[in-house]
Amino acid sequence: MSCWQTISDYGLRSLGIGEKLLPRSDFTLCQQFTLIGSGLIWNIYFGVLALVAGFAIATAVAVGKGSRNRLIRKTCEWFVFVFRGSPLFIQFFFGYFLFLGLKTSHPALAPLTAAAVGALIVLILNTAAYSAEIFYGALQSIPKGDVEAADAYGMSGFSRFRRVIWPTMLRLGWPAYTNEAIFLFHATTLVFFSGFPTTKQMGDALYYANYFADKTFNPFIPYPILAGYFILLTLTVTGLFGLVNRRLNRHLPAASGSKIRLRMPLLR
Amino acid sequence: MFDHCTDPGTLDGLSWLYCYLTTGKHQSMYWAIGTVLLLLVITAPAALIFGFGGATAARSRFAPLSWLGRGYIAIVRGVPDIAFFLFFVIALDQAFEYVRHKIKCPDWDQPIRQGNDFVVCAAAKLPLSTSPQWVHETYGFFLAVLTFAIVFGAFAANVLYGAMQAVPKAQIETAEAYGMSHRQSFWRILVPQMWVYALPGLSNLWMVLIKATPLLFLLGVEDIVYWARELGGSKTRQFTDFPHGDWRMWYFAALLVFYLMFTRVSEIILGRIMLRLTKGQATTAGEAQRKAAV
């Protein structure tokens, strides 16, 4: 069987399109590359959607954490504390069994037990908490002069936030947020190992890598393939976030624009 | 366990719950918390040793060694940690068995990898198939510890490497001016001073390590996640004196609270240590303390 044939059979296998049965014996390198790559679709799905939704929530929570209203502030602080202080792995398990319970009492909520929805919700809340902490830190370190200048121009309320505070917050928090995005993509590999079941063997990249390692009892081929894919993914994320970083800093002299450096591991 | 617990059917309310939570299986779960703590106690220093080795290698003036150190840091950080956990547990096991096979059975002529099987002679199996259950469990735990140490060693190496760079250059230059050799200035000047720069990173790492302990479950160790799934599942009257529905959600809620308290306590303790260490240091935090005291 040629490699092209394998790619057309298994290229979209993680979405349930193509050959029904996974290969069972005589595994070729091509099969391993194709299936693990196919599983990467799920990692990108979880990562991108969680980033987009998490970003919006994180901004709100970061602002709420700095709120003068005690109730709002405490709620936001607890949200961040619960999701940053406990392991994502346990959060997945808890979420899954919570959704199972909801399903029995309200059958309409059944889709929540599927990884595509339920795990995504957990990931969104988790990344929102981590990003909120980053943005909160950035909000705290906005130069006083910037806000005073906005006041002097007669801006206040929402327009001051949208035109001055928010862009500055993003600019200051962006390097740390890039790291968070990378570790979010890494965290997506946990989904199918933490309660959420796979349907018809449609799993993510690590699921297929683990499948091959279990079947061949040889971890030295599938895991390095997975590692290669993830290094590519990490480089892509760094590149895209670097472009945004350039845009955020475009009004500053080139030398003082903060460069994104990969530092401080932030995995959960 | 207790006398009044012998007939759970007659109990209700709190006394039922009390008897339920002290059954033998629940006590295994409480012991599993000990497993988690043991893992942390062994892994933290082991990871620090790996990290120190990695950071020193990355700083080495001998290029291949430096590449090795940098590669170690970069690869572990670029790839999801779970992938490493799943990889190393099999890879280390096979590596150990392979080495033992080469030593113990030199006249074995069949290939070790036969299709989808990894075949070594019986004497090289780890642990030996005749050994008792506890040896198997200990070996599994040992592999898990080693895996954790390798992965977290890379994170620690990253932190320590940064800390070594953060020590003011003038300190090393002064040491050299006094005629210290490279080795002497490293051990006498650099190493004692780097810890205060490393501490924020290392305490972050400690938190990450705590939050990684549930992954023991994936490595096949019977840890608290295993017991929470096991005990929480619905039980019928046939198999237990304490029948209940699907309580796994509550068990995991309890684990969530356990980890929250654990990280919170660590945070407070690490904050105190940091406060002590920065006292009198020429850093921003130390300066702030000095000003507050005046």
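See the structure above.
Since the structure is predicted, the reported quantities are computational estimates derived from the model, not experimental observations.

(A) View of the overall build of chain A. The helix and strand tally for chain A stands at nine helices and zero strands. Shown N-terminal to C-terminal, the secondary structure of chain A runs as helices and strands in the order α-α-α-α-α-α-α-α-α. Within chain A, the fraction of its 268 residues that count as buried is 49%. Intrachain contacts of chain A at a sequence separation of at least 6 include 75% that bridge at least 24 residues. Of the roughly 12700 Å² that chain A leaves accessible, carbon and sulfur atoms contribute 65%. In chain A, which carries 24 positive and 11 negative side-chain charges, the distance between the mean positions of the two groups comes to 8 Å.

(B) Just the state of the cysteines, in detail. Residue and element names in this part refer to chain A. Overall, the coordinates contain one disulfide over all chains when judged by the stated rule. In this model C3 forms its disulfide with C30; the gap between the sulfur atoms is 2.0 Å. Handedness of the C3-C30 disulfide follows from its S-S torsion of about 90°: it is right-handed. Of the two residues, C3 sits in helix 1 (residues 3-10) while C30 sits in helix 2 (residues 29-65), which places them 27 residues apart along the sequence. The partly exposed category is assigned to C3, whose relative accessible area is 37%.

(C) Region of the structure containing the side chain of N218(A). Mapping N218(A) onto the fold places it in the loop between helix 8 (205-216) and helix 9 (222-248). Given a relative accessible area of 14%, N218(A) falls into the buried group. Separated by 3.0 Å, the side chain of N218(A) and the backbone nitrogen of F220(A) make a polar contact. Not counting residues within four places of it along the chain, the set of residues in contact with N218(A) comprises A213(A) and R113(B).

(D) Expanded view of unusual backbone geometry. All names here are of chain A. Of note in the backbone geometry, Q201 takes a positive phi value of approximately 55° without being a glycine. With respect to the element layout, Q201 can be found in the loop between helix 7 (157-187) and helix 8. At F217, a position not held by glycine, the phi torsion is positive, near 55°.

(E) Spotlight on the interface of chain B and chain A. Counting residues at the interface gives 39 residues for chain B, matched by 42 residues for chain A. Carbon and sulfur atoms make up 75% of the surface buried where chain B meets chain A, a total of about 3900 Å² over both sides. If you look at where chain B meets chain A, you find zero salt bridges. Linking chain B with chain A are four residue pairs in polar contact (both at pLDDT 80 or more). Mapped by element, the contributors of at least two residues to the side of chain B that touches chain A are helix 3 (63-78), helix 4 (81-104), helix 5 (133-166), helix 7 (182-212), helix 8 (224-232) and helix 9 (248-278) of chain B. Examining the composition of the side of chain B that touches chain A, we find that 10 residues originate from one element, helix 9 of chain B, more than from any other. For the side of chain B that touches chain A, a count of residues per class yields 24 nonpolar, seven polar and eight charged.

Scoring rules and cut-offs
- Residues numbered from 1 in each chain as written.
- Chains lettered and ligands numbered in written order.
- Predicted model: local features only at pLDDT ≥ 70, side-chain atom pairs only at ≥ 80, totals over all residues.
- Heavy atoms only, no water.
- Helix = DSSP H or I, 4+ residues; strand = E, 2+ residues; numbered from the N terminus.
- Buried < 20%, exposed > 50% of the residue type's maximum accessible area, 1.4 Å probe, protein only.
- Contact = heavy atoms within 4.5 Å.
- Areas by Shrake-Rupley, 256 points an atom, 1.4 Å probe, with all protein chains shown as cover.
- Lys, Arg positive; Asp, Glu negative; His and termini not counted.
- Charge placed at Lys NZ, Arg CZ, Asp CG, Glu CD.
- Disulfide = S-S within 2.5 Å.
- Polar contact = N/O pair within 3.5 Å; in protein donor to acceptor, adjacent residues only side chain to side chain.
- Buried area = accessible area lost by both parts, 1.4 Å probe.
- Salt bridge = Lys/Arg side-chain N within 4 Å of Asp/Glu carboxyl O.
- Nonpolar A, V, L, I, M, F, W, Y, C, P; charged D, E, K, R; others polar.

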